[in-house]
Amino acid sequence: MNPEESDVAVIGGGLVGAAIAYGLVRLGKRVVMLDEGDIAFRAARGNFGLVWVQGKGLGMPAYGAWTQLSARQWPALAESLRAESGVDVSLEQPGGLHVCLSERELEQRVATMTRMLGQPGFEGYPFETLDHAGVARYFPQIGPAVVGATHTLLDGHVNALRLFRALHAAFVALGGNYRANHGVDRIARESVGFAIDAGGRRHVSVQVVLAAGLGNAKLGDQVGLTVPVRPMRGQIIALERARRFMHYPMGALRQTDEGTVLIGDSQEEAGFDTTVGTPILATMADRAQRIFPLLRDVRITRTWAALRVMSPDGFPIYEQSQAAPGAFVASCHSGVTLAAAHAFDLVPQILAGSLEPRLSAFSTERFHVSKAV
Amino acid sequence: MSAVDALKPSYELAVIGAGPAGMAAAVAAAQRGVATILFDEQASPGGQIYRGVTTTPLRRRELLGDDYWHGQGLVDALLGCAADYAPRSIVWAVTRIGDGFELAVSRDGVAHLVRVAHLIVATGAQERPFPIPGWTLPGVMTVGAAQILLKTAGLVPGDGTVVAGSGPLLSLVLAQFAAAGVSVDAVLDTTPRDRRWRAAWRDVIGFATSPYLAKGVALLRRARAAGRVVRGVESLEAIGDHRIERVRYRAGGQTIELACTSLLLHQGVVPNINFANAIGCEQRWDEVQACFVPVVDAWGASSVPGVTLAGDGAGIAGARAAEAHGRIAALNAACAIGRIDPAQRDAAGAAAQADRARWLRGRRFLDVMYRPAPQYRIPVGDTVVCRCEEVTARQVLESVRLGCTGPNQMKSFLRCGMGPCQGRFCGLTVSELIAKERGSTPAEIGHYRLRFPIKPITLGELASLPQTEASEQAVVRLPK
Amino acid sequence: MFQRLSEAGPPTLPLTIDGNAALARPGDSVAATLIGAGHADCRTTPVSGSARGPYCLMGICFDCLVEIDGRPNQQGCMIEVQAGMQIVRQEGSRPVDVEATR
């Protein structure tokens, strides 16, 4: 059988891989997206659907800038996805609140935001500190236990399932080649690119992008990239659909355009275990009902857990291989927020053959790891 | 002992489901001195096959039949044994603690935690999905639902009722209708005509020498009084605006429409696997029964240590086999917690094993005979597949063409399976649809991976469960 | 439609359906009461506004959802009728009750 040929092979069909693959086919490239099967870790399943800016970048100003760039380009992503897939991802960017349930929480939050914005070179934006009454102006039903919140106009959310479907549909509509059940066994450098063995087939491409989440570590070794990622479990609670009462998203609680209320944002080091645990769900549920007492009688229809892809400092990893030019890695745990930056900004840099200096903060050199050659 | 008011903090054994398997298991375990609690979500015992046996207004024995009233004996034994019985109690989560488990139980909207060393899951069977066009219209119900109305409320079909489908339960319910003096407008029999003679000789002989032959003949005879039967129905469609108004069917080369106000559907029962699946029990695809079945050994032991499965939930075999299976499971549980050793278990279980084998004989013939035809398991076009999220067959197939490989990915693509029924009425259909479209088998494609809560519970109830310092740290993440 | 066997006994329990006075048979579920009263449908769906009614009557289809005594999305087949109960057929998504915050 002749090997399949493409300009770029994207390894991984989650939110990161699909956004990059979509960006590539939009520019007319021949792209194959190699994905695993039905029971794979799929960090994308754990996404919360936020397009979130506030609070991001303490410790790395470049991340704050990258996040804001993506948020600015998100309306263009939503529009082009709608045009190319017919799917409306229901992007809303009305601003968002990070709600606090104690004075200490609020103090910590304000201190974090202030420190972050005060970093040299940080691309600043205004944020408001709200007291209870201030939060109540956004959410008349807010519970008495809510002490306050930080608010910015830059935050928003999107229907994440429709985003996933739109990316895949648009990719295929623009001529992309999606291959499921094609977990990658081996990547080898060839004279003009890479030979990838996946799904019992050989794929040959000029460039390869590793967007395989937790799988990037093992794959990276094969192309001279050291990708130190580990799993960070997050659990999510979904409530039955309700008539829309939340018109702004919160960092850990939001209501989708269809009415489903989602509660999230736990973080645990649990290895590769994706079972849900009742104490954490109880804590999440307790906070949610203190934020909105009216949710007490609303029913939980499902819970799930997924493994975020975490780098040692929590910031994304974008890097090109020195040992194997044409091989890139893209890894983050905010695949929804960064989808626009991935599709519109990272992709041209990949095609140019090397990442621009403004992305150098995201290289793994910051971890002082030696590269396998 | 009758229903308990208060739950003890721990028991040696919890049995889930008060059908024949669960009741027999609780009684057998209690007899061996195992501290046992039986949880059931209904207000009174009996499961579905003996639904309402303590409350039904239909006391004339010939109405519901001897097989039904056999359940009274099981209930009497349950209420007379030392096991605690907790009706109106929904076990919605199971967490492993050491070698045992912590169960989260919902009673009257309040959450309770109970520790147990061993679990017997006897959650029984459910109606197989019957995805025909219009099956979500008001007025379309399962035959099982009609049977529940009969047993619990004395409600029977009036004018304009059509029954459609295939399987022994159909005949049973029609016989019960006939005994109540009720007839329906038509019985549309979807049993594939070619099926009858496909069964292997061994299965035919097994059936002929089983208890089911005599029962079946008698049933079919009584059932005929309930309505004229149209055989070889190859397609069905429910039509109406806001409720069913007519049913269109094809048989004998003709397409016919019947006006109706009620359409009762049934094409067999399948194991209700949600609980076992959520705990992590391995399951396999049974090609003859065309459904997923948990993997169990001869004692009902599942792939999860400490969890035994019993009854139709471990594989469809009927009420009497379920009862024997319950006794077998109780012995397995007693052995697992160290009350008896394996040799004692084997000796004590010999009678129940033989009993079960007797009731299993002939089932395979029924399975082959009544395996629903593919067009009734695998819909096309705008037929709704996922009732909760209103996802159609067309949408499922489109997603497969986009590259979706399995039912869990399908959830992300379409929300299919994300509704409150947790895939009970779409899981099989989705697995078979994807398998057919990809040229694969349901065995390879797999099933939804399920999680707790097994039934929806309120946010307030979940919030009332204990938290830990670790859980707070994981969520609130204040720097220490 | 469904009719009642005489063995069932008369409906004697007063309650309301959509605000209208009705009599229910003690021991019946809410879903059975609606069906017995001739209502095939009990709600419209949040997704498309389609009419739905009870389907399985054994607690697993979640199509029999109705509002009972002000609480929405109750499974009618799992709840026994009580005197004075207010059963309301519901439309679309449930509201979240502002009263609960007071």
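Computed from a predicted model, the values in this text were never measured in an experiment. (Residues numbered from 1 in each chain as written. Chains lettered and ligands numbered in written order. Predicted model: local features only at pLDDT ≥ 70, side-chain atom pairs only at ≥ 80, totals over all residues.)

S.K.: I'm lost on the overall build of chain C in this one. Help?
M.R.: Helix and strand counts for chain C stand at 1 helix and 9 strands. If you list the helices and strands of chain C from N to C, you get β-β-β-α-β-β-β-β-β-β. The C-alpha radius of gyration computed for chain C amounts to 14 Å, which stays within 12% of the reference 13 Å derived for 102 residues, consistent with globular compactness. In terms of principal-axis extent, the alpha carbons of chain C reach across some 45 × 30 × 20 Å. Evaluated residue by residue, chain C yields a buried proportion of 47% over its 102 residues. Nonlocal contacts in chain C, meaning residues at least 24 apart in sequence, comprise 40% of its contacts between residues at least 6 apart. (Helix = DSSP H or I, 4+ residues; strand = E, 2+ residues; numbered from the N terminus. Rg over C-alpha atoms; globule rule 2.2 N^0.38 Å. Buried ≥ 20, exposed ≤ 12 C-beta atoms within 10 Å, placed from the backbone. Contact = placed C-beta atoms within 7 Å.)

S.K.: Which parts of the structure should I look at to understand the sheet that holds strand β7 (residues 71–75) of chain C?
M.R.: Either a parallel or an antiparallel arrangement is found when strands of a sheet pair, and the pairing is made through backbone hydrogen bonds. All names here are of chain C. Read across the open sheet, the 5 strands follow the order β3-β2-β8-β6-β7; overall the sheet is mixed. Of all the strands in the sheet, the pair left with one neighbour each is β3 (20–24) and β7. Going across the sheet, the axis of each strand differs from the next one's by a mean of 40°, ignoring polarity. Strand direction decides the pairing type here: strand β2 (residues 13–17) and β3, joined by 5 bridges, are antiparallel. When the sheet's bridge partners are listed, L13 is paired in β3 with A24. (Pairing = 2+ DSSP bridges. Axes fitted to C-alpha atoms, helices over the stretch in contact; angles between N-to-C directions.)

S.K.: Looking at this structure, how should I read the interface of chain B and chain A?
M.R.: Size of an interface, as often reported, equals the accessible area lost when the parts are brought together. Each partner contributes to the interface: chain B provides 38 residues, whereas chain A provides 46 residues. Taken together, the elements giving at least two residues each to the side of chain B that touches chain A come down to β4 (89–97), α14 (407–414), β23 (457–458), α17 (459–463) and α18 (469–476) of chain B. Broken down by element, the side of chain B that touches chain A gets its largest block of residues, 5 residues, from α14 of chain B. The residue inventory of the side of chain B that touches chain A, partitioned by class, reads 20 nonpolar, 14 polar and 4 charged. Inspection of the sheet shows strand β15 (residues 299–310) of chain A paired to β23 of chain B by 2 bridges, in the antiparallel sense. By the bridge assignment, I300 of chain A is partnered in β23 of chain B with I457 of chain B. (Nonpolar A, V, L, I, M, F, W, Y, C, P; charged D, E, K, R; others polar.)

S.K.: What should I look at first to understand unusual backbone geometry in this one?
M.R.: All names here are of chain B. Between F452 and P453 the backbone carries a cis peptide bond, its omega angle lying at 5°. Looking at the secondary structure, you find P453 in the loop between α16 (442–445) and β23. Of note, A290 is a non-glycine position whose phi angle comes to about 55°, a positive value. Phi at R415 takes a positive value of approximately 70°, unusual for a residue other than glycine. Locating R415 in the fold gives a position in the loop between α14 and α15 (427–437).

S.K.: What is the right way to read the sheet that holds strand β5 (residues 51–52) of chain C from this model?
M.R.: All names here are of chain C. A sheet is described by the order of its strands in space; here 3 strands give the open sequence β5-β4-β9, paired in mixed fashion. Single-partner strands in this sheet number two, and they are β5 and β9 (90–91). Relative to β9, strand β4 (residues 43–44) runs parallel, the two sharing 2 bridges. Paired with T44 across the two strands is E91, which belongs to β9.

S.K.: What am I meant to see in the packing of helix α7 (residues 278–291) of chain A against α18 of chain B here?
M.R.: Any two packed helices are characterised by how steeply their axes cross, that is the angle between the axes, and by the distance between the axes. The geometry of α7 of chain A relative to α18 of chain B is characterised by a closest axis approach of 8 Å and an angle of 55° between their N-to-C directions. Here α7 of chain A lies oblique to α18 of chain B, going by the angle between them. For the element pair α7 of chain A and α18 of chain B, the recorded crossing hand is right-handed. Where α7 of chain A abuts α18 of chain B, its residues P279, I280, A282, T283, M284 and R287 of chain A lie against S471, E472, A474 and V475 of chain B. (Parallel < 35°, antiparallel > 145°, perpendicular 65-115°, else oblique. Left-handed = near helix turned anticlockwise from the far one by under 90°.)

S.K.: Explain the pairing of strand β5 (residues 100–107) of chain B to me, please; I cannot follow it from the model alone.
M.R.: Note on strand geometry: in a regular strand, side chains alternate between the two faces of the sheet. Residue and element names in this part refer to chain B. Looking at chain direction, β4 and β5 are connected through 8 bridges and run antiparallel. Considered in β5, the bridge of S89 is made with R107. Hairpin connection from β4 to β5: 2 residues lie between these consecutive antiparallel strands, with G98 at a positive phi of about 60°. Pairing of β5 with strand β6 (residues 110–121) involves 7 bridges; the strand directions are antiparallel. Of the residues in β6, the one forming a bridge with S106 is A111.

S.K.: What should I look at first to understand the interface of chain B and chain C in this one?
M.R.: On the side of chain C, 34 residues touch chain B, which itself brings 39 residues to the contact. Listing elements by their share of the side of chain B that touches chain C, those giving two or more residues are β7 (125–127), β8 (140–142), α4 (143–153) and β9 (155–157) of chain B. For the side of chain B that touches chain C, the element with the most residues is α4 of chain B, which contributes 6 residues. Classifying every residue of the side of chain B that touches chain C gives 17 nonpolar, 14 polar and 8 charged. Of the strand pairs in this sheet, β9 of chain B and strand β1 (residues 2–4) of chain C are connected by 3 bridges, and their pairing is antiparallel. Within β1 of chain C, the residue paired with P157 of chain B across the bridge is F2 of chain C.

S.K.: Is there a simple way to think about the nonpolar core in this case?
M.R.: In globular proteins that are soluble, nonpolar side chains generally tend to be buried together. Judged by nonpolar contacts, the single largest core of 301 residues is most densely connected at I11, I20 and V209 of chain A together with A14, A25, A29 and L149 of chain B. Not counting chain neighbours up to four residues away, the residues in contact with A29 of chain B comprise L13, V34, T36, A83, A330, A333 and A334 of chain B. Formed by 6 residues, the second largest nonpolar core is a distinct cluster that contains F207, Y212, L366 and Y370 of chain B. (Core = buried A, V, L, I, M, F, W, Y, C linked by C-beta atoms within 7 Å.)

S.K.: How should I be thinking about the environment of A238 of chain A in this particular structure?
M.R.: Residues and elements named next belong to chain A. Following the sequence through the fold, A238 ends up in strand β12 (residues 230–239). A count of 17 C-beta atoms within 10 Å places A238 in the partly exposed class. Considered as a pair, A238 and G259 are 21 residues apart in the sequence and their alpha carbons are 11 Å apart. Setting aside chain neighbours within four positions, we find A238 in contact with T260, L262, T301 and R302.

S.K.: What is the right way to look at the domain arrangement of chain B in this model?
M.R.: Residues and elements named next belong to chain B. Domain annotation for chain B reports domain 1 (10–126 + 270–340), domain 2 (129–267) and domain 3 (378–475). Placing a centre on the C-alpha atoms of domain 1 and another on those of domain 2 gives a separation of 29 Å. With 11 residues of domain 1 at the contact, the number on the domain 2 side is 8 residues. Split into classes, the residues belonging to the side of domain 1 that touches domain 2 amount to 4 nonpolar, 5 polar and 2 charged. (Domains from an automatic or database assignment.)

S.K.: Teacher, can you tell me more about helix α7 (residues 211–223) of chain B here?
M.R.: Residues and elements named next belong to chain B. Between the first and last C-alpha of α7 there are 18 Å, a value that for 13 residues agrees with the 18 Å anticipated at 1.5 Å per step. Those residues of α7 that fall on the buried side of the exposure criterion are Y212, G216, L219 and A223. With its buried residues spanning 70° around the axis, α7 presents them on a single face. Facing away from the buried side of α7 by more than 90 degrees, the exposed set consists of A214, V217 and R221. (Expected span 1.5 Å × (residues − 1). Arc of directions from axis to C-beta.)

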